[in-house]
Amino acid sequence: MTDQTSLVHARGLTKRYANGFTAVDAVDFDVRSGKAFGFLGPNGAGKTSTMRMIACSSPVTEGELTVIGMDPRTQGRQIKARLGVVPQNDNLDTELTVRENLEMYARYFDIPRAVANKRTDELLEFVQLAERARDQVEPLSGGMKRRLTIARALINEPDLVILDEPTTGLDPQARHLLWERLYQLKRRGATLIITTHYMDEAEQLCDHLVVMDKAKIVAEGSPRQLIDQHATKEVLELRFTDAVRDSLDGRLDGLADRIETLPDRLLLYTADGEGALEQVHQRDIPVESALVRRSSLEDVFLRLTGRSLVE
Amino acid sequence: MTVLASGRVWQRNFLVYKRLWHRSIAFGFLQPVLFLTAMGIGVGALMSNQDLAAFGGVPYIDWLGPGLLSAMSMQTATFESTYPIMNKIMWGRNYEAMLSTPLTTRNLIVGELFWVAFRIGTLASVFLVVLALFGIVRSPLALLAVPVAVLVGTAFSACLVAFTATQRNDVGFSAIFRFVINPLFLFSGTFFPLSNLPDEARWVAWLTPLFHGVELIRGLVLDSLDWAAAPIHLGYLLAMLVTGALIADRTLRRRMAG
């Protein structure tokens, strides 16, 4: 049974391409109304393929999928009328001005001209591009183009907004501005689906997350729940000189619940990072540098897949 | 529903065109004037009255003019249906954005064909004015040359969009220009009568699409239409348009779902 408040419902959802490659392998998830739902995972994990099936731009190979209570196989047009899509790569109309991009897009949804004009004004304000309304799209910065793409996705007042890696390739300032706008959108009650390979983005924006790896969902929950379940409270990051590192040979045993070895450092998972560091010093192991921090989604991902998110 | 939604695709192209329309019309006027002056008056002056029998007894420039109108329709359709469509599929990704709305690939195909029809309709009208200024038009039926030119253009456009949707880069376009469009331009009875060709070659010409457009338009403008052959010419072009559009819808849908 589909949950009443579930905007997207997937069971055994699978995407296999003509060349036999399975991009999404029998995944189950539910996106609840009014929440920000995140797909976190490295490039090639199947996030975009999942999004494209939800957006009705790529046919479902197998399994069950309903979007806003409808079937993408037969009701693609009706679903699209109620979706807002922000693709991974900008596909703004570079032959039109900023304002024309929104007005023309409104025409594709058959929105009456007067309504389209009004919404265009409001949306340009919302994404802080009102002053650029008459400009061409090409000279805009990456962050501005993203904001315009988001405004365009909102022109039909969608029930569900799909954002595929909304801040990839943007500088930190532009990312924060974009997050702030998305946060405002959330406060207005919009339902968002976001894919990202940035853990900070997932932590900032998402109420609920699924972690994807190699076409499968490997964990699910709120960012806090995932950290609590799959990582310790704190992490002690240690760097050693190569000589010390090669001769460690079990000298760190018993200091942490779990030790992860990365190419440039060791991660000690423990409830008490300072305490563990204290013991390292007591054992006379010469440390090059040490850092105690709270566990993050990056650690969850590392734990679940043995790899980093951004490689 | 299809017509209205496809109209939006037309509208988008028109919005871009609106800024440049005067330039486009000016080129549309200049090109036939230059061609008719160079080929018609320049080359035509070399022909004696005896030669003119091969052109149905009219001056060479009169015989050439309507043929050029047909060839212009093919060429305009070719340019509109290769690079700009490739851009909307791959480089500018316009179609990806448009297909995130309730528009379907069928709307895109029909809308682009509306657009080509509009472009060729305006250019053919300008061309007809030029033909009239050169004193070539011999019948009010010449007005029908505009819809026939539109038919020629959309028929070519549909087939070329079907082809473009299968291409991953623009290498295939130069092959199409060299081995399809140019031979058609040269051997479809635009510049010389097919009766000059050996019998087998004439038979091949009947199978090619531009020939049918040239015959119809020339017949209408010079008031020399072979009414018995006209339905065959029309039928050929209509079949090409419908088949091309159906295939284009398929290839584009596959491409965009990729």
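Residues numbered from 1 in each chain as written. Chains lettered and ligands numbered in written order. Predicted model: local features only at pLDDT ≥ 70, side-chain atom pairs only at ≥ 80, totals over all residues.

All right, on to the overall build of chain B then. Within chain B, the secondary structure is distributed over 11 helices and zero strands. Its helices and strands in sequence order give chain B the pattern α-α-α-α-α-α-α-α-α-α-α, from N to C terminus. Against the compact-globule benchmark of 18 Å for 258 residues, chain B has a radius of gyration of 19 Å, which places it among compact chains. Expressed along its principal axes, the backbone C-alpha trace of chain B runs to roughly 65 × 40 × 35 Å. Relative to its full complement of 258 residues, chain B shows a buried share of 45%. For chain B, restricting intrachain contacts to residue pairs at least 6 apart in sequence, the fraction spanning at least 24 positions comes to 83%. (Helix = DSSP H or I, 4+ residues; strand = E, 2+ residues; numbered from the N terminus. Rg over C-alpha atoms; globule rule 2.2 N^0.38 Å. Buried ≥ 20, exposed ≤ 12 C-beta atoms within 10 Å, placed from the backbone. Contact = placed C-beta atoms within 7 Å.)

To continue, consider the pairing of strand S12 (residues 266-270) of chain A. The side chains of a regular strand alternate, first on one face of the sheet and then on the other. Residues and elements named next belong to chain A. Most of S12 sits out of view: four of its five residues are buried. Note that strand S10 (residues 234-239) and S12 share five bridges and pair antiparallel. The partner of leucine 236 across the bridge, within S12, is leucine 268. A loop of four residues connects strand S11 (residues 258-261) with S12, the two strands running antiparallel in sequence. (Pairing = 2+ DSSP bridges.)

A few words on the domain arrangement of chain A. Parsing chain A into structural domains produces domain 1 (6-222) and domain 2 (232-294). One C-alpha centre belongs to domain 1 of chain A, the other to domain 2 of chain A; they are set 40 Å apart. (Domains from an automatic or database assignment.)

Let us now look at the environment of B:Leu241. Residue and element names in this part refer to chain B. Mapped onto the elements of the fold, leucine 241 is located in helix H11 (residues 230-257). Expressed as a C-alpha distance, the spacing of leucine 241 and leucine 151, which sit 90 residues apart in the sequence, is 7.7 Å. Apart from residues no more than four positions distant in its own chain, leucine 241 is found in contact with Leu151, Thr154, Ala155 and Ala158.

A word on the packing of helix H6 (residues 105-133) of chain B against H11(B). Residue and element names in this part refer to chain B. At their nearest, the axes of H6 and H11 sit 9 Å apart, and the two run at 130° to each other. In terms of orientation, H6 and H11 fall into the oblique class. H11 is crossed by H6, and the crossing has right-handed handedness. The residues of H11 that touch H6, namely those facing Thr105, Arg106, Leu108, Ile109 and Leu113, are Ala245, Ala248, Asp249, Leu252, Arg253 and Met256. (Axes fitted to C-alpha atoms, helices over the stretch in contact; angles between N-to-C directions. Parallel < 35°, antiparallel > 145°, perpendicular 65-115°, else oblique. Left-handed = near helix turned anticlockwise from the far one by under 90°.)

This next bit is on the interface of chain B and chain A. Facing 18 residues of chain B, the contacting portion of chain A comprises 21 residues. Within the residue set of the side of chain B that touches chain A, elements represented by two or more residues are helix H1 (2-17) and helix H5 (94-98) of chain B. For the side of chain B that touches chain A, the element with the most residues is H1(B), which contributes five residues. Classifying every residue of the side of chain B that touches chain A gives eight nonpolar, six polar and four charged. (Nonpolar A, V, L, I, M, F, W, Y, C, P; charged D, E, K, R; others polar.)

Take A:Asp228: it is sitting in helix H8 (residues 223-230). C-alpha of A:Asp228 to C-alpha of A:Val300: the two residues are 72 residues apart in sequence and 9.1 Å apart in space.

On to unusual backbone geometry, then. Working note: non-glycine residues mostly have negative phi, and peptide bonds are mostly trans. Residue and element names in this part refer to chain A. Even without being glycine, cysteine 56 reaches a positive phi, approximately 60°. Looking at where cysteine 56 falls in the secondary structure, it is placed in the loop between helix H1 (47-54) and strand S4 (62-67). Phi is positive for aspartate 284, close to 65°, though the residue is something other than glycine. With respect to the element layout, aspartate 284 can be found in the loop between helix H10 (273-282) and strand S13 (289-294). Take aspartate 284: there are 7 C-beta atoms within 10 Å of it, and that puts it in the exposed class.

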